[in-house]
Amino acid sequence: RETPIDATELALYDDPRGECWIAFHGDVYNVTSFIPDHPGGRSYLEFRCGTDGTTGFQNHHQERALKQIRDLRLAEYVEEMIVQPTTTAATTTTAAAASTSTAITTTTTMNMPTTTDAKKCYKESVYTASDVAAHSTRNDCWFVLYGQVYDMTTFMNQHPGGASRLMPSCGTPDATPRLESHHGVYSSGYPGTYLAAPLGEFSATG
């Protein structure tokens, strides 16, 4: 399509089980059909549905990786949509003169929010190893799983294997290998199936 997609419209397509649109490097892609085939697992894309995923993409890919989904491109992405000037005719009549029409031109800018809800806020956050390391206790435990940072504190007592199984991963830069050693590879979207939304991205180089 030729009409750009703005942040408000993009946010409408945030359901990985319905329709998932994500913006990458100034373009919007309908990645719904690609989610099951994403080499990094479903969760990387599912948590970015309806948002600009450029930051997360740059943390894990080079821009040329977009060639794999070029057929899924929908349109250009713009954060704010500018409404073009409109013309309104106003007619004034006086007793001493004939009726005249005056063209009035107005320009209206629609201030679309670049952040549409709280869910988008956490997706734009990036945490470093030192950030995660500061949360390494049973009462304040953060995990890094599949490139996402999670606050596991409330899950500690709910874990079927007990809190002690989770403690060694609290505050570490990547708990994914340990998780997979006990549960296998969760290509179907773990941990999003069981946990609350992630706090944000993990950057090993930040």
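Draft legend 1. Looking closely at the overall build of the protein. Tallying secondary structure elements over the protein gives seven helices and ten strands in all. Buried positions account for 39% of the 206 residues belonging to the protein. Sequence-distant contacts, at least 24 apart, represent 66% of the contacts inside the protein between residues at least 6 apart. For the protein, the exposed surface amounts to about 11600 Å²; the carbon and sulfur share of it is 51%.

Draft legend 2. Representation of the pairing of strand E1 (residues 21-24) in the model. In E1, alternate side chains face the same way, and those of Trp21 and Ala23 on one face and Ile22 and Phe24 on the other are all buried. Sheet topology places E1 next to strand E2 (residues 27-30); four bridges connect them, and they run antiparallel. Each bridged residue has a counterpart across the sheet, and for phenylalanine 24 the counterpart in E2 is aspartate 27. Between E1 and E2, which follow one another and run antiparallel, lie two residues, and histidine 25 among them has a positive phi close to 50°.

Draft legend 3. Fine view of the nonpolar core. By size, the foremost hydrophobic cluster in this structure holds 15 residues, and its most contacted members are Cys141, Phe143, Leu145, Met152 and Met156. The element that contributes the greatest number of residues to this core is strand E8 (residues 140-145), accounting for three residues. When neighbours within four sequence positions are excluded, phenylalanine 143 is seen to be in contact with Gln148, Val149, Tyr150, Met152, Leu166, Ser169, Cys170 and Ala175.

Draft legend 4. Spatial organisation of the pattern of salt bridges. Taken as a whole, this structure holds two salt bridges when the rule is applied. Between arginine 1 and glutamate 9 there is a salt bridge, and its shortest N-O distance comes to 2.9 Å. Between arginine 73 and aspartate 27 there is a salt bridge, with its nearest N and O atoms 3.0 Å apart. Of this pair, arginine 73 sits in strand E3 (residues 73-76) while aspartate 27 sits in strand E2, and the two are 46 residues apart along the sequence. Arginine 73 sits in the partly exposed class, given a relative accessible area of 39%.

Draft legend 5. Spotlight on the sheet that holds strand E10 (residues 200-203). The strand order across the open sheet built from five strands is E6-E10-E9-E8-E7, with neighbouring strands paired in mixed fashion. Taken across any chain shown, the strands that pair with only one partner, and hence form the sheet edges, are strand E6 (126-128) and strand E7 (136-137).

Draft legend 6. Region of the structure containing the environment of aspartate 6. Relative to the assigned elements, aspartate 6 resides in the segment before helix H1 (7-10). Residues aspartate 6 and tyrosine 77 lie 71 residues apart in sequence; the distance between their C-alpha atoms is 5.9 Å. Looking at aspartate 6, its side chain comes within polar contact range of the main-chain nitrogen of glutamate 9, at 2.9 Å.

Draft legend 7. Expanded view of the side chain of histidine 38. Residue position: histidine 38 is located in the loop between E2 and helix H2 (42-46). When neighbours within four sequence positions are excluded, histidine 38 is seen to be in contact with Tyr44, Leu45 and His61.

Draft legend 8. Quick peek at the sheet that holds E3. Taking strand neighbours across the sheet as the criterion, the three strands line up as E1-E2-E3 in an open arrangement whose pairing is antiparallel. The open sheet has two edge strands, E1 and E3, and neither has a second partner. The sheet shows a mean angle of 30° between the axes of neighbouring strands, direction not considered.

Parameters and conventions
- Residues numbered from 1 in each chain as written.
- Predicted model: local features only at pLDDT ≥ 70, side-chain atom pairs only at ≥ 80, totals over all residues.
- Heavy atoms only, no water.
- Helix = DSSP H or I, 4+ residues; strand = E, 2+ residues; numbered from the N terminus.
- Buried < 20%, exposed > 50% of the residue type's maximum accessible area, 1.4 Å probe, protein only.
- Contact = heavy atoms within 4.5 Å.
- Areas by Shrake-Rupley, 256 points an atom, 1.4 Å probe, with all protein chains shown as cover.
- Pairing = 2+ DSSP bridges.
- Core = buried A, V, L, I, M, F, W, Y, C linked by side-chain atoms within 4.5 Å.
- Salt bridge = Lys/Arg side-chain N within 4 Å of Asp/Glu carboxyl O.
- Polar contact = N/O pair within 3.5 Å; in protein donor to acceptor, adjacent residues only side chain to side chain.
- Axes fitted to C-alpha atoms, helices over the stretch in contact; angles between N-to-C directions.

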